Amino acid sequence: QQPVQSPQAVILREGEDAVINCSSSKALYSVHWYRQKHGEAPVFLMILLKGGEQKGHEKISASFNEKKQQSSLYLTASQLSYSGTYFCGTERWAGNNRKLIWGLGTSLAVNP
Amino acid sequence: EPEVTQTPSHQVTQMGQEVILRCVPISNHLYFYWYRQILGQKVEFLVSFYNNEISEKSEIFDDQFSVERPDGSNFTLKIRSTKLEDSAMYFCASMREGGARTDTQYFGPGTRLTVL
């Protein structure tokens, strides 16, 4: 039920690109992406809704492939400030309760 | 921009003591959550709260835990008798409503709980 993120960790040099994947064994309706810096709270980046749309936040964009039940987060021309752990969350509804099921996270380190 | 606030930022307590962690969600939000994160590990769901009652709780949320919305603004997490393994960062989150697909959860800065 928990989405699977890959890779588990990425090390980049400033300016390089990376892709982080989030896939689910269950049908996806939306995927929420967050970034968490060490010692801080997760910060919302964007939501992807089913329909294969792409969204952007700074130089970070994401796509949602409904058929593959997967979302990918694209970080282009990475900056030092992109370092952190990226989590994806998939939705689960049960009555009035809406819950995010979190992946284990992908640790991203951007070095000068 | 409205934000979720949490107090205290750091709480140190002795094993067996009771602690209350406080959260003020964003004012027009209806759904409230508590998560915890043990150092170096993933964020773990504890409980969700809607319409003045618990919507769902995880296996972690045993009888030692309780939540309350004592007034129109605060949302509290109480741990009755703390254990060493309760040491973690506790995050509160809130969401405006559950109906819109574009709603998401906004997190507070967290309370670091250290049980000695």
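Just so you know, these numbers come straight off a predicted model, no measurement behind them.

### Here we look at the overall build of chain A
Part 1 of the reasoning: Secondary structure assignment for chain A yields zero helices and 11 strands.
Part 2 of the reasoning: When its helices and strands are written in sequence order, chain A yields β-β-β-β-β-β-β-β-β-β-β.
Part 3 of the reasoning: Computed over the C-alpha atoms, the radius of gyration of chain A is 14 Å, within 12% of the 13 Å expected from 2.2 N^0.38 for a compact globule of 112 residues.
Part 4 of the reasoning: Taken over the C-alpha atoms alone, chain A extends approximately 45 × 30 × 20 Å along its principal axes.
Part 5 of the reasoning: Considering only contacts in chain A between residues 6 or more positions apart, those separated by 24 or more positions represent 53%.

### Comments concerning the pairing of strand β3 (residues 19-24) of chain B
Consecutive side chains along a regular strand alternate between the two faces of the sheet.
Residue and element names in this part refer to chain B.
Part 1 of the reasoning: By the alternation rule, side chains of β3 split into Val19, Leu21 and Cys23, which are all buried, and Ile20, Arg22 and Val24, of which none is buried.
Part 2 of the reasoning: With three bridges joining them, strand β1 (residues 5-7) and β3 adopt antiparallel strand pairing. The partner of threonine 5 across the bridge, within β3, is valine 24.
Part 3 of the reasoning: Strand direction decides the pairing type here: β3 and strand β8 (residues 75-79), joined by five bridges, are antiparallel. Its bridge partner being in β8, valine 19 is matched across the sheet by isoleucine 79.

### Let's talk about the environment of valine 43 of chain B
Part 1 of the reasoning: Turning to its location among the elements, valine 43 of chain B is positioned in the loop between β4 (31-37) and β5 (44-50).
Part 2 of the reasoning: Residues within four places of valine 43 of chain B in sequence aside, it is in contact with Gln36, Pro42, Phe87 and Trp102 of chain A together with Tyr35, Arg36 and Gln37 of chain B.

### A short note on unusual backbone geometry
Part 1 of the reasoning: Backbone torsion omega between serine 6 of chain A and proline 7 of chain A reads -5°, so that peptide bond is classified as cis.
Part 2 of the reasoning: Here proline 7 of chain A lies in the loop between β1 (4-6) and β2 (9-13).
Part 3 of the reasoning: Residue proline 8 of chain B is reached from threonine 7 of chain B by a cis peptide bond, and omega for that bond is -10°.
Part 4 of the reasoning: Relative to the helices and strands, proline 8 of chain B resides in the loop between β1 and β2 (10-13).
Part 5 of the reasoning: For asparagine 51 of chain B, which is not glycine, the phi torsion reads 55° and is therefore positive.
Part 6 of the reasoning: The class for asparagine 51 of chain B is exposed, based on a relative accessible area of 58%.

### Points about the state of the cysteines
Part 1 of the reasoning: Following the criterion strictly, the structure yields two disulfides over all chains and no others.
Part 2 of the reasoning: Disulfide pairing is shown between cysteine 22 of chain A and cysteine 88 of chain A; the S-S distance is 2.0 Å. One disulfide, between cysteine 22 of chain A and cysteine 88 of chain A, carries an S-S torsion of 75° and so falls in the right-handed class. A residue pair is termed long-range when its members are at least 10 positions apart, and cysteine 22 of chain A in strand β3 (residues 18-23) and cysteine 88 of chain A in strand β9 (residues 84-94) qualify at 66 residues. No difference in accessibility class separates cysteine 22 of chain A from cysteine 88 of chain A, as the two residues are buried.
Part 3 of the reasoning: A sulfur-sulfur separation of 1.9 Å characterises the disulfide bridge that pairs cysteine 23 of chain B with cysteine 92 of chain B.

The rules behind the values
Starting from 1, residues in each chain are numbered consecutively following that chain's sequence as written. Written order decides the labels, with chains lettered from A and ligands numbered from 1. Residues qualify for local features only when their pLDDT is at least 70, as the model is predicted, and side-chain atom pairs are given and counted only at 80 or more; totals for whole chains, interfaces and linings, by contrast, use all residues. Heavy atoms from the whole structure form the basis of all side-chain values; hydrogens and water molecules are not counted. Strands are runs of DSSP state E lasting at least 2 residues, helices are runs of H or I lasting at least 4, and numbering of each runs from the N terminus. Only C-alpha atoms enter the radius of gyration; for comparison, a globular chain is expected to reach 2.2 Å times N to the power 0.38, where N is the number of residues. Note on contacts: a residue pair qualifies if any of its non-hydrogen atoms lie within 4.5 Å across the two residues. Throughout this description, buried means an accessible area under 20% of the type-specific maximum (1.4 Å probe, protein chains only), exposed means over 50%, and partly exposed covers the range between. Pairing between strands is defined by DSSP: at least two bridges between the two strands are required. Cysteine sulfurs are considered disulfide-paired once they come within 2.5 Å of each other.

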